[in-house]
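Okay, here's what each chain looks like letter by letter:
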Amino acid sequence: MSTDLSKYLDMYVTQTKEDIDKLADKLLEIESNPNDADAINECFRLAHTVKGNAATMMFEKTAQLAHAMENLLDELRSERAEVNPAIMDIFFKCVDRLEMMVEDAREKKSEPDISDLLKMITEEMGETTEQSTPVPEEKEEEKKESEDKKPKTKDRKKAATESGKKEDKKSESKGEKKTVDFKIKLTPECDMRAARAFIALRLLEEAGRIKELTPRREMIENDKFGGTFNALVEIEQDYADLVKKIEQIKDVEQVSADILKETAEKACDADAQVSIPRERMREIRSVRVKMDRLDDLLDSVGELVISKIRLAEIGKEIESKQLTESILALDRLASELQYNVLRIRMVPIDVVFSKFPRMVRDLSRQMGKEVELVLEGHEIELDRSVIDKLGDLLVHLLRNSMDHGIESPEERKKSGKTPIGKIRLAASQEQNRVMITVEDDGKGIDILKVKSKALERGLHSEEELDSMSDDELTNILGTPGFSTADKVTAVSGRGVGLDAVKSGIESLGGQMSIESTTGRGVRIAIRLPLTLAIILAMLVRVKDQIYAIPVDPIQETISIAPNDVKTLGGMKVIKFRGEITPMIYLSRLLKTSETHTGSQAIVVGIGQKKGAIVVDELLGQQEIVVKPLDKHLRRIPFFGGATILGSGEVALIVDVAGVMEHSRGGYVKVENHREPQDRVFGGGISNE
Amino acid sequence: MEEITATAREDEVQLVVFTISNEEFAAEINQVKEIITPANITEVPSAPSFVYGVINLRGKLITIVDLHKRLGYESPQLTGSTKIIVSDVKEGVLGMMVDNVLEVKRIPEKQIEPPPPMSAGRIDSEYIQGIAKTDDRLIVILDLTKVLIDEDEGRINQIQEGGVTSDDENIGS
């Protein structure tokens, strides 16, 4: 590819990727509704666009492949072939390859081989029609030609005496400057007018000097022209060759060149026009920014927030009105900045969701199952860092549902279900949390199998298992070290079970719970924080150390008098709003003290679990910047990260879910208060 | 805080020499990022025993490794000479607590012997990069990349890596 075309590469990649995505979507539509003539037409149009753009950028094979797809689509359109899984497979393979080719283009790799796909298409077309239309090479030859003939300006000057079709007597004399009016018209259906015009202009520039251009250059480069433009070119050589070359550019409909007699005076003001800076003055509505730059920005904002807090602390001590006002102003600005930075990092969950229809389709073909995927809540936004990891985890959940949940069509019919299984993947937002549900209508989780596996793995004793409710048993699936798949299939298995997904979700600061109804399906509910970066937390003191407790699971804070504390079955409890709530002495749990001390309790709730975390002192709420702990410390279940306080000291962030899980007796059954329907999945505040 | 720049000649090794429980150890200077005086170390309850705590180094969170424990000595007493050697290893930036930093020493490569095949006393030989012999002194050169790394990987890492590979194998095949 020539260096000049490379400036259009980004544009090409972005646009073509979009087109390919749309193409894949439309193909899925065709597959679900083979008679959808509109979808077929749309595919045809998209393949055509891809072809045209690739050809302009000299990606011959990409263009060739798109062209072959066009041919095959034409078979469908003209009803010479009918939509069937085999033909759709070919289309999807082509789409995959195209995607790969565009990626390669971005990375400036050479184009991969496509002969296998072309062969497949030709064979398919041979089957469908007797007089199979060969894949025409169309413009390929031409392009090669024009590439070979890449103008070499110096040589050209010598060779330029050859006669062309629009000779002018005067022009025969070599070396005499003349002004030629080139009029170039592009075909109306041309998709990349700016790029083609650019190629034409470059040819003109190599041959001479462009004195005047109508419309102005930036209009042409921004595709704000009618498809026709005029260039007055001061040229020494013969221009017939040039005309031919321009005619060979794709989508050039007509080229005319007329010599101008009057020259000198006009040239002056024409110069003024030409000297307009070449830089594109395109209106920029969005920019791409590298993720680590955003991370740096967020780090700085985090530092700013810390400094702001420190300043506010000093302000309180000094008590100067002016200082307080300035601090307030700074506070507002910092909050705004923080909000905006966090917003910049938000990405719609659709970037993850959009891959799934295709994946589900391929998997269901592979497994011989029929599955309909329903996606909801594309527009919900999450922090980029959450999104990246979430994608893989959702892939596992979907695979799990397809592999272990949804039955084969025959099985489904036998149990009186529709042959087509259904998986619903839905996202929604609740205040500062995002809820994601993966629901299938498959056979549900085999609780007996879970039981025996849990026993086998030594996760629970037989007595423990017998005393568990079905719900509790189901959630054993999320216990680390558990994986139900007996055999490792190509689809799921490989040791990555629900337990792994659960800890993945937890490492994102989220929670996951599983609900299963035998014969009716599984529902997995995930709650995720919108962002991992900055959260509101309650600062507390335990002995001489400060900890931060995220306010999200906090229900209330209470002072405790010694006689409020009761002992129940060896467990310290407190009666809170009529419920017996177990007390979690942070100092004891963290083994910083052996005694039960503390006068303040923070009542927290995660799902059905409740607890009162006992601390020595409440220091107040504050926004904190969450910093991940080093990997050596990430395994400690009690902490979800750390933050830097205004004093510069490090405070550990308490992971409430982890603390509840690992504190003996953190579990409280509130049977009397729980209605069967009112199940809260994945934890979080249950006092809605 | 002292910034350190490495300008060793080719046949020489520059070592940061420090003491742990009155014994001399060293680390190659290119493994050392900076040396700081400990302040405001936050203890991390339930952490592995070789973790002394975490500190804030210019807005970054750094885990401090208790090198004494790591090498089989008693935990250190903080004194005026206690220093933290900040090291940039593959896994990220870690700090290690030492009793004193003595000097930066240039030692010809030929004076460095490979680690003994068996463990040298109480120290695991895989932590040892070599033994420098100089002026009647024996200095154990530690390989910080090994000393500071925990043998078993975190579970989360495994899952994430596992997840990615299984995807690659399955999608689009």
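Quick notes on the rules
- Residues numbered from 1 in each chain as written.
- Chains lettered and ligands numbered in written order.
- Predicted model: local features only at pLDDT ≥ 70, side-chain atom pairs only at ≥ 80, totals over all residues.
- Heavy atoms only, no water.
- Helix = DSSP H or I, 4+ residues; strand = E, 2+ residues; numbered from the N terminus.
- Buried < 20%, exposed > 50% of the residue type's maximum accessible area, 1.4 Å probe, protein only.
- Contact = heavy atoms within 4.5 Å.
- Areas by Shrake-Rupley, 256 points an atom, 1.4 Å probe, with all protein chains shown as cover.
- Salt bridge = Lys/Arg side-chain N within 4 Å of Asp/Glu carboxyl O.
- Pairing = 2+ DSSP bridges.
- Phe/Tyr/Trp six-rings, centres within 6.5 Å; stacked < 30°, edge-to-face > 60°.
- Lys NZ or Arg CZ within 6 Å of the ring centre and 35° of its normal.
- Axes fitted to C-alpha atoms, helices over the stretch in contact; angles between N-to-C directions.
- Parallel < 35°, antiparallel > 145°, perpendicular 65-115°, else oblique.
- Left-handed = near helix turned anticlockwise from the far one by under 90°.
- Nonpolar A, V, L, I, M, F, W, Y, C, P; charged D, E, K, R; others polar.
- Core = buried A, V, L, I, M, F, W, Y, C linked by side-chain atoms within 4.5 Å.
- Domains from an automatic or database assignment.
- Lys, Arg positive; Asp, Glu negative; His and termini not counted.
- pLDDT = per-residue confidence, 0-100.

### Some details on the overall build of chain A
Part 1 of the reasoning: What chain A contains, in helices and strands, is 24 helices and 22 strands.
Part 2 of the reasoning: Residue burial in chain A is summarised as follows: out of 688 residues, 49% are buried.
Part 3 of the reasoning: For chain A, the share of sequence-separated contacts (at least 6 apart) that also reach a separation of at least 24 residues comes to 70%.
Part 4 of the reasoning: Summing over all exposed atoms, chain A offers an accessible surface of approximately 33900 Å²; the carbon and sulfur share of this is 49%.

### Quick notes on the overall build of chain B
Part 1 of the reasoning: A count of helical and extended segments in chain B gives 3 helices and 12 strands.
Part 2 of the reasoning: Counting the 173 residues in chain B, one finds 47% classified as buried.
Part 3 of the reasoning: Approximately 8700 Å² of chain B is accessible, and the part contributed by carbon and sulfur atoms is 47%.

### With respect to the pattern of salt bridges
Residue and element names in this part refer to chain A.
Part 1 of the reasoning: Here the structure, examined in full by the defined rule, presents 39 salt bridges over all chains.
Part 2 of the reasoning: Glu-29 serves as the salt-bridge partner of Lys-26, at 3.4 Å between the closest nitrogen and oxygen. Residue Lys-26 and its partner Glu-29 are both found in helix α2 (residues 9–32); the two are separated by 3 residues, about one turn of the helix.
Part 3 of the reasoning: What makes Lys-26 partly exposed here is its relative accessible area of 23%.
Part 4 of the reasoning: Through salt bridges that share partners, Glu-31, Asp-89, Asp-96, Arg-358, Arg-361, Asp-362 and Arg-365 make up one connected network.

### Focus on the environment of Ile-554 of chain A
All names here are of chain A.
Part 1 of the reasoning: Along the chain, Ile-554 turns up in strand β14 (residues 554–559).
Part 2 of the reasoning: With relative accessibility at 15%, the residue Ile-554 sits in the buried group.
Part 3 of the reasoning: Residues Ile-554 and Val-656, 102 residues apart in the sequence, show an inter-C-alpha distance of 9.0 Å.
Part 4 of the reasoning: When sequence neighbours within four positions are dropped, the list of residues in contact with Ile-554 reads Met-538, Ile-549, Ile-602, Val-603 and Val-604.

### With respect to the environment of Ile-199 of chain A
Residues and elements named next belong to chain A.
Part 1 of the reasoning: Along the chain, Ile-199 turns up in helix α9 (residues 193–207).
Part 2 of the reasoning: In this structure Ile-199 comes out as buried when scored by relative accessible area, which is 10%.
Part 3 of the reasoning: Sequence separation between Ile-199 and Thr-56 is 143 residues, and the spatial gap between their C-alpha atoms is 9.2 Å.
Part 4 of the reasoning: Residues contacting Ile-199, with those up to four places away along its chain left out, are Leu-5, Thr-56 and Ile-249.

### Some details on the pairing of strand β18 (residues 600–606) of chain A
All names here are of chain A.
Part 1 of the reasoning: Of all 7 residues that make up β18, 7 are buried, and the element is covered over most of its length.
Part 2 of the reasoning: Neither face of β18 is left uncovered, since the one carrying Gln-600, Ile-602, Val-604 and Ile-606 and the one carrying Ala-601, Val-603 and Gly-605 both have all their residues buried.
Part 3 of the reasoning: As judged from the 5 bridges shared by β14 and β18, these two strands associate in the antiparallel manner. Within β18, the residue paired with Ser-559 across the bridge is Gln-600.

### Some points on the packing of aromatic side chains
Part 1 of the reasoning: Taken as a whole, this structure holds 5 aromatic pairs over all chains when the rule is applied.
Part 2 of the reasoning: Taking 6.5 Å as the distance between ring centres and 20 degrees as the angle between the ring planes, the aromatic pair formed by Phe-18 of chain B and Phe-25 of chain B counts as stacked.
Part 3 of the reasoning: Overall, Phe-25 of chain B belongs to the buried group, its relative accessible area being 0%.
Part 4 of the reasoning: Three or more aromatic residues joined by ring pairs form one cluster here, namely Phe-18, Phe-25 and Tyr-73 of chain B.
Part 5 of the reasoning: Across the ring face of Phe-44 of chain A, the terminal group of Arg-77 of chain A is positioned such that the distance to the ring centre comes to 3.7 Å.

### Some remarks on the packing of helix α4 (residues 60–77) of chain A against helix α5 (residues 85–106) of chain A
All names here are of chain A.
Part 1 of the reasoning: Where α4 contacts α5, the two axes come as close as 10 Å, and the packing angle between them is 160 degrees. The angle between α4 and α5 falls in the class roughly antiparallel. When you trace α4 past α5, the crossing you get is left-handed. Counted together, Lys-61, Thr-62, Leu-65, Ala-66, Met-69, Leu-72, Leu-73 and Leu-76 of α4 and Ile-87, Ile-90, Phe-91, Cys-94, Val-95, Arg-97, Leu-98 and Met-101 of α5 form the full contact between these two elements.
Part 2 of the reasoning: Of the residues in the contact of α4 with α5, the class split is 13 nonpolar, 1 polar and 2 charged.

### With respect to the nonpolar core
Part 1 of the reasoning: With 80 residues, the main nonpolar core has Phe-182, Leu-204 and Ile-246 of chain A as its most contacted residues.
Part 2 of the reasoning: For this core, the two domains that each supply at least three residues are domain 1 (3–136) and domain 2 (148–271) of chain A.
Part 3 of the reasoning: In contact with Ile-246 of chain A, other than residues within four places in its own chain, are Phe-182, Ile-184, Ala-200, Leu-203, Leu-204, Val-252 and Val-255 of chain A.
Part 4 of the reasoning: Of all hydrophobic cores here, the second largest spans 55 residues; its members include Leu-586, Val-656 and Met-660 of chain A together with Ile-29 of chain B.

### Some thoughts on the packing of α2 of chain A against helix α3 (residues 37–56) of chain A
All names here are of chain A.
Part 1 of the reasoning: Relative orientation of the contacting elements α2 and α3 amounts to 155 degrees, with a least axis distance of 9 Å. Considering their axes alone, α2 and α3 lie roughly antiparallel with respect to each other. Handedness of the α2/α3 crossing: left-handed. Here α2 contributes Tyr-12, Gln-15, Thr-16, Asp-19, Ile-20, Lys-22, Leu-23, Lys-26, Leu-27, Glu-29 and Ile-30 to the contact with α3, which in turn contributes Ala-39, Ile-40, Glu-42, Cys-43, Leu-46, Ala-47, Thr-49, Val-50, Asn-53 and Ala-54.
Part 2 of the reasoning: Looking at the contact of α2 with α3 residue by residue, the classes come out as 12 nonpolar, 4 polar and 5 charged.

### A short note on the sheet that holds strand β1 (residues 178–186) of chain A
All names here are of chain A.
Part 1 of the reasoning: Taken together, 4 strands build an open sheet; the order of strands is β2-β3-β1-β4 and the sheet is antiparallel. For this open sheet the edge positions go to β2 (208–214) and β4 (252–260), each flanked by a neighbour on one side alone. Adjacent strand axes in the sheet meet at a mean angle of 25 degrees when their direction is disregarded.
Part 2 of the reasoning: Packing against the sheet, α9 makes contact with β1, β2 and β3 (228–235), and its axis sits at approximately 140 degrees to β2.
Part 3 of the reasoning: Together, β1, β3 and β4 form the strand contacts of helix α11 (residues 240–248), whose direction differs from that of β4 by roughly 160 degrees.

### Observations concerning the side chain of Lys-369 of chain A
All names here are of chain A.
Part 1 of the reasoning: Its location among the elements puts Lys-369 in the loop between α16 (356–367) and β6 (371–376).
Part 2 of the reasoning: Of the buried charged residues, Lys-369 lacks a salt bridge, with Asp-403 as the closest side chain of opposite charge at 4.7 Å.
Part 3 of the reasoning: Sequence-distant contacts of Lys-369, defined by excluding residues within four places in its chain, comprise Ser-364, Met-402, Asp-403, Ile-406, Glu-407, Ser-408 and Pro-409.

### Re the confidence of the model for chain B
Part 1 of the reasoning: With 74% of its residues at a pLDDT of 70 or more, chain B shows a mean pLDDT of 76.
Part 2 of the reasoning: Predicted complex, confidence summary: ipTM 0.76, pTM 0.50.

### Quick notes on unusual backbone geometry
Leave glycine aside and you will find that most residues have negative phi; peptide bonds, for their part, are mostly trans.
All names here are of chain A.
Part 1 of the reasoning: For the peptide bond that leads from Thr-214 to Pro-215, omega is -10 degrees, which places it in the cis range.
Part 2 of the reasoning: Mapped onto the elements, Pro-215 comes out in the loop between β2 and α10 (217–221).
Part 3 of the reasoning: Unlike most non-glycine residues, Lys-543 shows phi in positive territory, near 55 degrees.
Part 4 of the reasoning: One can find Lys-543 in the loop between β12 (534–542) and β13 (545–550).

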